[in-house]
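# Descriptive analysis of the structure
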There are 2 protein chains.
Amino acid sequence: MTRIVVDAMGSDNYPTPDVEGAVAAARAYGVEIILVGDEAKIKPALDAQNSAGLKLRVVHAPEMLTMEDKGVALALKARRPNAKNSMAIGIDLMKNGEADAFVTMGNTGACLVTAYFRLGAISGVDLPTLAVAFPSATGSFVLVDLGANPDCKAENLFQFAIMGSIYAEKVRGVKNPKVGLVSNGEEEGKGNELVKATIPLLKESRLNFIGSVEGKEIYGGQVDVAVMDGFTGNVFLKTSEAVAKLLTDKIRDTIRGGSLLTKFGGMLIRPAMGSIRKLLDPSEYGAATLLGVNGLVFIGHGRSDARAVQVAVRVAKEAREADLLGATKSAIEESLRKK
Amino acid sequence: MTRIVVDAMGSDNYPTPDVEGAVAAARAYGVEIILVGDEAKIKPALDAQNSAGLKLRVVHAPEMLTMEDKGVALALKARRPNAKNSMAIGIDLMKNGEADAFVTMGNTGACLVTAYFRLGAISGVDLPTLAVAFPSATGSFVLVDLGANPDCKAENLFQFAIMGSIYAEKVRGVKNPKVGLVSNGEEEGKGNELVKATIPLLKESRLNFIGSVEGKEIYGGQVDVAVMDGFTGNVFLKTSEAVAKLLTDKIRDTIRGGSLLTKFGGMLIRPAMGSIRKLLDPSEYGAATLLGVNGLVFIGHGRSDARAVQVAVRVAKEAREADLLGATKSAIEESLRKK
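Residues numbered from 1 in each chain as written. Chains lettered and ligands numbered in written order. Predicted model: local features only at pLDDT ≥ 70, side-chain atom pairs only at ≥ 80, totals over all residues.

### Focus on the overall build of chain A
Put simply, the rule is: Secondary structure elements are defined from DSSP: runs of H or I of at least 4 residues count as helices, runs of E of at least 2 residues count as strands, and each element is numbered from the N terminus. Throughout, radius of gyration means the C-alpha value; the globule benchmark is 2.2 Å times the number of residues raised to the power 0.38. Labels follow a simple rule on C-beta atoms placed from the backbone: if 20 or more others lie within 10 Å of a residue's own, it is buried; if 12 or fewer, it is exposed; otherwise it is partly exposed. C-beta atoms are first placed from the backbone for all residues, and any pair lying within 7 Å is then listed as a contact.
Of the regular secondary structure elements, chain A holds 14 helices and 11 strands. Over its C-alpha trace chain A gives a radius of gyration of 21 Å, about what one expects of a compact globule, namely 20 Å for 339 residues. Judged by the C-alpha coordinates and their principal axes, chain A covers about 65 × 60 × 35 Å. The 339 residues of chain A split such that 57% are buried. Sequence-distant contacts in chain A: of pairs separated by 6 or more residues, those separated by 24 or more amount to 74%.

If you want it as structure tokens, here you go:
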């Protein structure tokens, strides 16, 4: 039985969505759940759920990391051997073999730092990276790096590509994933210095590298993995969300401000618009995955509801069952042998 | 009377949209138009228009630059004193005082290089930059750099901010434009090396710098100028276009594939959806502007239709009448004096 640690203190509305989603996941996917956090807060949230017959236990963590935790103070908290916050205790449970994966909806930066210090990087990986699946016209693609590393070297992007490709294969079930490098134009010769230095590494690799790509190829479904530095990845993510919001808001306002017939039409297409919103709903795609550390770590959005937590647990279970960690280690090792 | 050179060989379907748009602009805005390009091709397109009473002349250019022109070969063509292509001849007309601005729908890279070599950079400007106005929830914002400079230093971004601010003020009519620097998070301490090095320059300047911004602030209408390096700017543009296309395609497909009632609803909201498409139509926002060269250069999309060409001419006229070039020179000079 796969054992998943869920940080009960993660989401903005903790612990209810975290606990509710974890219980739902235990029922839906037959996983064992370990809830980590303040017992006094978890207990009432858990009592409100029907968890009869589920394998579920609570590990007390008296402290928690918040959005206020950053910089040196955060690094100290993340390193402390006897740290008492829910992320550190949860990640340690996995490190000590008591669990198979760790899931949190908490502060991404805090989780990155905590996981990096407590688990360490996979041998051969210089920078761990955040990967996430995004919707495209034909299905989905994996974006690496989502923002863990704002400054990158070509070697980093190369490693992101290897890890992103393994993720697409093992967790998203894509055979021989098509890898694209995000650039300012598809043509040969385009790119900033970083992109130009990365292209030869990708060309010489065993990856299914299809070349430089732009938004239209990525969202058009022509790649399974879109590789970029974390600054660009973050701009990509935030711009995508903002354009989607601008458009859906404008459509809503235009319909509301329109004629009676337009309003009536808007009513009729409401179910169709709902499916569009679902397409863009991060909770449908689950959490981001931290690749390149010695463990399986999944970080969801703070705004996550129970459904998003449940999906994150499902992705964690699938990653464990596909041996994502072992496959990532093998792929990195192989890339090192080739040198 | 403002005199605008229009490259008749610019758009993908040249010369018809270019000529038609130029004639329409001459009529609508009372400008003098100088069409540059192959006379044999321009004549029939011009004869198809009613240009009676308009101030309009044709200057023959036997050659043209295309998407194939790049690299060293392009640089040589761009520099040659007696170059015979329409961009070089058109830009020279402006340089020699026979025209006030140059407008093309042709190859952006070719125009950048040609303008840079023939006009030179404004004193104090290291890299000229491409600026364009984009729609936001409350109006529009100016994005610099759209892709002219994939690798930038802090000093370059600082100059882009100055020039973008002047553009927003003079051409978009914004008083004391709010300038934001695009980053991977609004919080202090976020950013890549480039962003972190740029922030102090912007803080110390006389610009109305509001700090680091993300997609939601930009598209939400909280900035008038969004500053970023050309690589990021290009990713921003292409991602925005791709998300808008993905969404509008999905909405269309969902309505088409829906129930009869959904299809009927789709029919009723068609006019409303048309206004959304117009919001995203680049032709409504006119061409990109090359800032930092000694002249007024406007570059539109190759896919431009006559309407987009007309709007580009209008923006060129407004820029000239607001003395965009003089104001840019003054602002750069002032920033140098402050050092």
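Okay, back to it.
### Topic: the sheet that holds strand 3 (residues 56-60) of chain B
Residues and elements named next belong to chain B. Definition in use: Pairing between two strands is assigned when DSSP locates at least 2 bridges connecting them. Note on definitions: angles span 0 to 180 degrees between N-to-C directions of axes, and those axes are lines fitted to C-alpha atoms, for helices only across the stretch in contact.
The sheet built from 11 strands is open, its strands ordered 3-2-1-4-11-10-5-6-9-7-8 with mixed pairing. Looking at strand neighbours, the two that pair on one side only are strand 3 and strand 8 (208-213), the edges of this open sheet. Neighbour-to-neighbour, the strand axes of the sheet open up by a mean angle of 25 degrees, direction not taken into account.

### Focus on the domain arrangement of chain A
Residue and element names in this part refer to chain A. Inclusion rule: The domain boundaries here were taken from an automatic or database domain assignment. Only Asp, Glu, Lys and Arg are considered charged in this grouping, and only Ala, Val, Leu, Ile, Met, Phe, Trp, Tyr, Cys and Pro are considered nonpolar; every other residue, Gly among them, is considered polar.
For chain A, the domain assignment lists domain 1 (1-125 + 292-323) and domain 2 (131-282). Each of domain 1 and domain 2 has a C-alpha centre, and these two points are 26 Å apart. Each partner contributes to the interface: domain 1 provides nine residues, whereas domain 2 provides six residues. A total of four residues in the side of domain 1 that touches domain 2 trace back to one element, the largest contributor, which is helix 13 (residues 306-321). Considering only residue class, the side of domain 1 that touches domain 2 consists of six nonpolar, two polar and one charged.

### Here we look at the pairing of strand 7 (residues 178-182) of chain A
Residue and element names in this part refer to chain A. This is how it is decided: Crossovers are described as right-handed under a simple rule: with the strands pointing away from the observer, the path leading from the first strand over the helix to the second runs clockwise.
Of all five residues in strand 7, five are buried; the element is thus mostly enclosed. Neither face of strand 7 is left uncovered, since the one carrying Lys-178, Gly-180 and Val-182 and the one carrying Val-179 and Leu-181 both have all their residues buried. Bridge count for strand 7 against strand 8 (residues 208-213) is five bridges, and the pairing is parallel. When the bridges of strand 8 are listed, Gly-180 appears paired with Gly-211. In this view, the connection linking strand 7 to its parallel neighbour strand 8 by way of helix 7 (residues 193-204) has right-handed handedness. In terms of strand pairing, strand 7 meets strand 9 (residues 225-227) through three bridges, oriented parallel. When the bridges of strand 9 are listed, Val-179 appears paired with Val-225.

### Digging into the interface of chain B and chain A
Contacts between chain B and chain A engage 48 residues on the former and 48 residues on the latter. Going through the elements one at a time, helix 8 (215-219), helix 9 (230-256), helix 10 (260-268) and helix 11 (270-279) of chain B are the ones with two or more residues in the side of chain B that touches chain A. The element that contributes the greatest number of residues to the side of chain B that touches chain A is helix 9 of chain B, accounting for 20 residues.

### Focus on the relation of the copies chain B and chain A
We count it as follows: When the copies are overlaid, the least-squares fit takes in C-alpha atoms only where the residue has pLDDT of at least 70 in both copies.
Mapping chain B onto chain A is achieved by rotating through 180 degrees and translating by 0.0 Å along the same axis, at an RMSD of 0.0 Å. One copy is carried onto the other by what is essentially a two-fold rotation axis. Considering only C-alpha atoms, the part of chain B nearest the rotation axis is Gly-265 of chain B, at 1.9 Å. Counting the interface residues of chain B, we find that 100% of their copies in chain A are interface residues as well, pointing to one common contact surface.

### Describing the nonpolar core
Selection criterion: In this description, a nonpolar core means buried residues of the types Ala, Val, Leu, Ile, Met, Phe, Trp, Tyr and Cys, linked to one another by C-beta atoms lying within 7 Å.
Ranked by size, the top nonpolar core spans 241 residues in total, and within it Val-103 and Val-227 of chain A together with Val-103 and Val-227 of chain B carry the most contacts. For Val-227 of chain B, the residues in contact, after removing those within four places along its chain, are Val-144, Leu-157, Phe-160, Ala-161, Gly-164, Val-179, Gly-180, Leu-181 and Val-182 of chain B.

### Description of unusual backbone geometry
All names here are of chain A. Tyr-14 connects to Pro-15 through a cis peptide bond whose omega is 0 degrees. Among the secondary structure elements, Pro-15 is positioned in the loop between strand 1 (3-7) and helix 1 (16-29). A cis amide bond links Val-144 with the next residue in sequence, Asp-145, at an omega value of -5 degrees. Look at Asp-323: it is not a glycine, yet its phi comes out positive at around 50 degrees.

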